[in-house]
Amino acid sequence: MYKTLWNSINKQVKDSHASAAFLAVSLMDWTTIGLLAGFLICMIGGMSFVTKVTVVLCSGGYTGLILGFFGGILYLYRSESRHLTDSTTSQFSTTARKISLNAKTAAR
């Protein structure tokens, strides 16, 4: 689900805003799914009104937060960490060369 959502958002939104839009849509999608599941549970069980409201809000909120937000962050972290590693490695080697060059120059 995350990959399909990421691909569709990546086509419609600028690259700089794609991650934020992905997290927002993922959060809304999973919250909606959680709310629907909460409504289903409330229809099946014979509960008081306060208990029904609590079940619906908790199921929607926790589902949206855990699966939508944190799941989206983990998906982005896993999918984009490869790209960040390459640039970080090249940046590190460039910085190491500058430091070694400065050390050689200072020693003379």
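Residues numbered from 1 in each chain as written. Predicted model: local features only at pLDDT ≥ 70, side-chain atom pairs only at ≥ 80, totals over all residues. Heavy atoms only, no water.

A. Main features of the packing of aromatic side chains. Counted according to the given criterion, the structure contains six aromatic pairs. Here the aromatic cluster, defined as three or more aromatic residues joined through ring pairs, consists of Y2, W6, F22, W30 and Y75. (Phe/Tyr/Trp six-rings, centres within 6.5 Å; stacked < 30°, edge-to-face > 60°.)

B. A look at the packing of helix α1 (residues 2-12) against helix α2 (residues 18-44). Where α1 meets α2, the axes come as close as 10 Å, and the angle between the chain directions of the two elements is 135°. Judged on the interaxial angle alone, α2 and α1 are oblique. For the pair α1 and α2, the sense of crossing is right-handed. In this structure, α1 contributes Y2, L5, W6, I9 and N10 to the contact, and α2 contributes A18, S19, A21, F22, V25, S26, D29 and W30. (Axes fitted to C-alpha atoms, helices over the stretch in contact; angles between N-to-C directions. Helix = DSSP H or I, 4+ residues; strand = E, 2+ residues; numbered from the N terminus. Parallel < 35°, antiparallel > 145°, perpendicular 65-115°, else oblique. Left-handed = near helix turned anticlockwise from the far one by under 90°. Contact = heavy atoms within 4.5 Å.)

C. Quick look at the confidence of the model for the protein chain. Averaged over every residue, the pLDDT of the protein chain is 81; the share at 70 or more is 74%. Summarising per-element confidence for the protein chain, the mean pLDDT is lowest in helix α3 (residues 49-107) (75) and highest in α2 (91). (pLDDT = per-residue confidence, 0-100.)

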